[in-house]
Amino acid sequence: MANRSVDAGRSRTDAEAPPRRTGLPVLGSTIPFARQGIDFTDELRPHGDVVAYRALGQEFVAVFDPDLVETVLVSRNDEFPKGEFETAFGELVAPEGVVFTEGERWRRQRQLLQSAFTPAEVQTYVDAMADEAAALADGWNDGEVVELREALSTFALGVLTRALFDLEFDDERAAVVREATRALADVADPSAYAVRSVVPSWLPVGDERRYERAMDDLSALVERLVEERRSDAGGDDAERDDLLSMLAAAEYPNGERMTPEEVRDQLVTFLFAGHETTATALTYACWLLAGHPDARRRLDAELDAELGGRDPAFGDIPALDETEAIAREAMRLYPPAPILYREPREETVLGGYRLPADATLQLSAYGIHRDERWWSEPASFRPERWLDDRERPEYAYFPFGGGPRHCLGMRFAMTELQIALATLARRVEFERVTESLDPTMGVTLDPGAVEVRVKKR
Ligand code: HEM
């Protein structure tokens, strides 16, 4: 493993270039690159912990060393902002959204938004999470084959629509949110996204016109709701604890309020950051459980002992260790955000290697989460590994990123994963119909269609 201290006195000129992987046939074309299979990581990893390659006319440097991940995300994070690869996408989605802003602007937003994700706030969304999961499972018939990715994507969207907007699924205004999120998912499809990263911005690619229409409708809805919530302040609705109400009421330290556009951008950001990520994590967790009867038995024993026939509440979460271990282990094998992107502000040295200013760093959660230096039997699903206390570097596992820009919704997401897994598992078991997965690296680690047979309990 590379040692961080090697960077300290090393001048940029005497540091060597990182090992380079050349001539990857898959890189001849943009779209296969964007829809990379996971084996692409396996091709890079043998070259070392820092590996350079070229694709899409850009220089990429993949990082497979937990200590260097810590360097980039935490100890030297000021030197490695999110790069163009990410911001090109941000411009399209929500330029004012906290995922994409930088510097003082980001700091102000992050501070304000953090108060929406305290344990006390997250607690208020738990009923929505359990209700949506119960409704999903209750809607399935015994023996029915369901496609998990689609089903859990609808579930996660239902939770977000209630948590962010306080709209019930059958409210016609919820349809505006659903259409915006679907249009967003299409426009964020990695093949459209990769094309976007090499063509001039604002040249329409993919389904951008539909997306723009959907965003206009969402803006109008948000504007109406912000007005409603602001004029209701102090009235009956003052108790609302959805994120939109919170953002409508929030003030920056100088007393300014967010404009409706800013509120909209933050909500779109949460839809983008919190929807497919959570749905994907749950999909993998359910599919993995279906193939591991021992883990399933331990889960059932825990739910029987801790819940005794009722659905989980916020207060149960600390006792649901098996449930948590299953969620963690699923995200180790299949991190929903398999790669984090950063760009050095200027030419620099990392792990003893020289990095040019325009390099796009790829911090490979997927590669590091399956590295046998940190994980025994790395390819096996073994939730029990989370209940022992083997020592490993802190950044051997980083499904939620790290440092100041770590996932703002992490507590919300972990709560949702545990509540959903427990609520579903109390009602149903899954049997695999799709026997093996062939995930592709996109904006999230896409499992493709995942079919299971439902057995009611
Ligand atoms: C299992 C589910 C989730 C996973 C695996 C996940 C993962 C991540 C990761 C890895 C980052 C850091 C990206 C980077 O540093 O480049 C991130 C950032 C972020 N996530 Fe999540 N996320 C999840 C769910 C959510 C949810 C539910 C929300 C909100 C409702 C959310 C909101 C955000 C926001 C706002 C950021 C940007 C923070 C900033 O830049 O300051 N995420 N997420």
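Above this text is the structure in question.
What counts and what doesn't
- Residues numbered from 1 in each chain as written.
- Predicted model: local features only at pLDDT ≥ 70, side-chain atom pairs only at ≥ 80, totals over all residues.
- Heavy atoms only, no water.
- Pairing = 2+ DSSP bridges.
- Helix = DSSP H or I, 4+ residues; strand = E, 2+ residues; numbered from the N terminus.
- Axes fitted to C-alpha atoms, helices over the stretch in contact; angles between N-to-C directions.
- Phe/Tyr/Trp six-rings, centres within 6.5 Å; stacked < 30°, edge-to-face > 60°.
- Buried < 20%, exposed > 50% of the residue type's maximum accessible area, 1.4 Å probe, protein only.
- Lys NZ or Arg CZ within 6 Å of the ring centre and 35° of its normal.
- Patch = residues over 30% accessible without salt bridge, like charges linked within 9 Å, V, L, I, M, F, W, Y side chains within 5 Å.
- Areas by Shrake-Rupley, 256 points an atom, 1.4 Å probe, with all protein chains shown as cover.
- Salt bridge = Lys/Arg side-chain N within 4 Å of Asp/Glu carboxyl O.
- Lys, Arg positive; Asp, Glu negative; His and termini not counted.
- Charge placed at Lys NZ, Arg CZ, Asp CG, Glu CD.
- Parallel < 35°, antiparallel > 145°, perpendicular 65-115°, else oblique.
- Left-handed = near helix turned anticlockwise from the far one by under 90°.
- Contact = heavy atoms within 4.5 Å.
- Nonpolar A, V, L, I, M, F, W, Y, C, P; charged D, E, K, R; others polar.
- Expected span 1.5 Å × (residues − 1).
- Arc of directions from axis to C-beta.
- Near = heavy atom within 4 Å.
- Polar contact = N/O pair within 3.5 Å; in protein donor to acceptor, adjacent residues only side chain to side chain.
- Core = buried A, V, L, I, M, F, W, Y, C linked by side-chain atoms within 4.5 Å.

Caption draft 1: Structural detail: the sheet that holds strand β8 (residues 360-364). Pairing in this open sheet of 4 strands is mixed, and the strands run β2-β3-β8-β5 from one edge to the other. Only two strands of the sheet have a single neighbouring strand rather than two, namely β2 (50-55) and β5 (339-342). Taken over all neighbouring pairs, the strand axes of this sheet differ in orientation by 25° on average, direction set aside. Bridging between strand β3 (residues 58-63) and β8 involves 4 bridges; their strand directions are parallel.

Caption draft 2: Representation of the packing of aromatic side chains in the model. If you walk through the whole model with that rule in mind, you get 11 aromatic pairs. Here F100 and F272 contribute two aromatic rings whose centre-to-centre distance is 6.2 Å and whose plane-to-plane angle is 35°, an arrangement assigned as tilted. Linking F100 in the loop between α4 (84-93) and α5 (103-114) with F272 in helix α13 (residues 260-274), this pair joins segments that are 172 residues apart in sequence. Of the two residues, F100 and F272, both sit in the buried class. Pairing Y395 with F398 gives two aromatic rings, centres 6.3 Å apart and planes at 50°, and the pair type is tilted. Accessibility assignment for this pair places Y395 and F398 in one class, buried. Each residue in the set F117, Y125, F270 and F412 is aromatic and connected to the rest through ring pairs, giving one cluster. Taking the ring centre of W375 as reference, the NZ or CZ of R332 above it sits at 5.3 Å.

Caption draft 3: Here's a closer look at a negative patch on the surface. Among the surface-exposed residues, E223, E227, E228 and E261 lie close enough to one another that they form a single negatively charged patch. Considering each element in turn, the negative patch owes the most residues, 3 residues, to helix α11 (residues 208-232). Inspection of the secondary structure assignment puts E223 in helix α11.

Caption draft 4: Quick peek at the packing of helix α8 (residues 148-165) against helix α18 (residues 410-427). Where α8 meets α18, the axes come as close as 12 Å, and the angle between the chain directions of the two elements is 125°. If you check the angle between α8 and α18, you find them oblique. The two elements α8 and α18 meet at a crossing, and its hand is right-handed. On α18, the residues that touch L152, F155, A156, V159, L160 and A163 of α8 are F412, E416, A420 and L424. When its residues are assigned to classes, the contact of α8 with α18 shows 9 nonpolar, no polar and 1 charged.

Caption draft 5: Looking closely at the pairing of β8. Judged by how many residues are buried, β8 sits mostly within the fold: 5 of 5 residues are covered. Burial of β8 is two-sided: the residues T360, Q362 and S364 facing one way and the residues L361 and L363 facing the other way are all buried. When β5 meets β8, the two strands line up antiparallel, connected through 4 bridges. Following the sheet pairing, R342 is matched in β8 by L361.

Caption draft 6: Seen up close, helix α15 (residues 293-307). Under the 1.5 Å per step criterion, the end-to-end length of α15 is 20 Å for 15 residues, consistent within 8% with the ideal 21 Å. Among the residues making up α15, those that are buried are A295, R296, L299, D300, E302, L303 and L307. Buried residues of α15, viewed axially, fall in a sector of 165°; they line one side. For α15, the exposed residues lying more than 90 degrees away from the buried face are R297, D304 and A305. In the core, the buried residues of α15 are packed alongside α14 (276-290), α16 (321-333), α18 and β9 (428-432). Directly after α15, the chain includes G308, whose backbone phi takes a positive value near 50°.

Caption draft 7: Expanded view of the site of the ligand. The immediate surroundings of the ligand are formed by 27 residues, with W106, R110, R342, R405 and C407 found nearest. Interatomic distance of 2.7 Å between a side-chain N/O atom of R342 and an oxygen atom of the ligand. Taking R405, its side chain carries an N or O atom lying 2.9 Å from an oxygen atom of the ligand. Elements with a minimum of two residues in the shell around the ligand: α5, α13, α14, β5 and α18. Looking at which element gives the most residues to the shell around the ligand, the answer is α13, with 3 residues.

Caption draft 8: Looking closely at the nonpolar core. By size, the foremost hydrophobic cluster in this structure holds 129 residues, and its most contacted members are W140, F165, L218, L267, F398 and F412. With 11 residues, the top contributor of residues to this core is α8. Setting aside its immediate chain neighbours within four residues, L218 contacts F165, V176, V177, A180 and V268. Grouped together as the second largest cluster of nonpolar side chains are 9 residues, F40, Y53, A55 and F64 included.

Caption draft 9: Expanded view of α14. Between the first and last C-alpha of α14 there are 21 Å, a value that for 15 residues agrees with the 21 Å anticipated at 1.5 Å per step. The complete set of buried residues in α14 reads T278, A279, T280, A281, L282, T283, Y284, A285, C286, W287, L288 and L289.

Caption draft 10: Just the packing of α14 against α16, in detail. Closest axis-to-axis distance for the α14/α16 pair is 9 Å, and the angle between their directions is 105°. On the basis of their axis angle, the class for α14 and α16 is roughly perpendicular. Of the residues in α16, those touching α14 at A281, Y284, A285, L288 and L289 are I326, A330, M331 and L333. Classifying every residue of the contact of α14 with α16 by side-chain character gives 9 nonpolar, no polar and no charged.

Caption draft 11: Broad picture of the pattern of salt bridges. This structure, assessed with the given rule, holds 34 salt bridges. Taking the shortest distance from any N to any O, the salt bridge between R149 and D446 comes out at 2.7 Å. Note that R149 is positioned in helix α8 and D446 in strand β11 (residues 445-446), a separation of 297 residues in sequence. D294 is paired through a salt bridge with R297; the nearest N and O atoms lie 2.5 Å apart. Of the two residues, D294 and R297 are both situated in helix α15; the distance of 3 residues between them amounts to about one turn of the helix.

The values reported here are purely geometric and, on their own, carry no functional implication.
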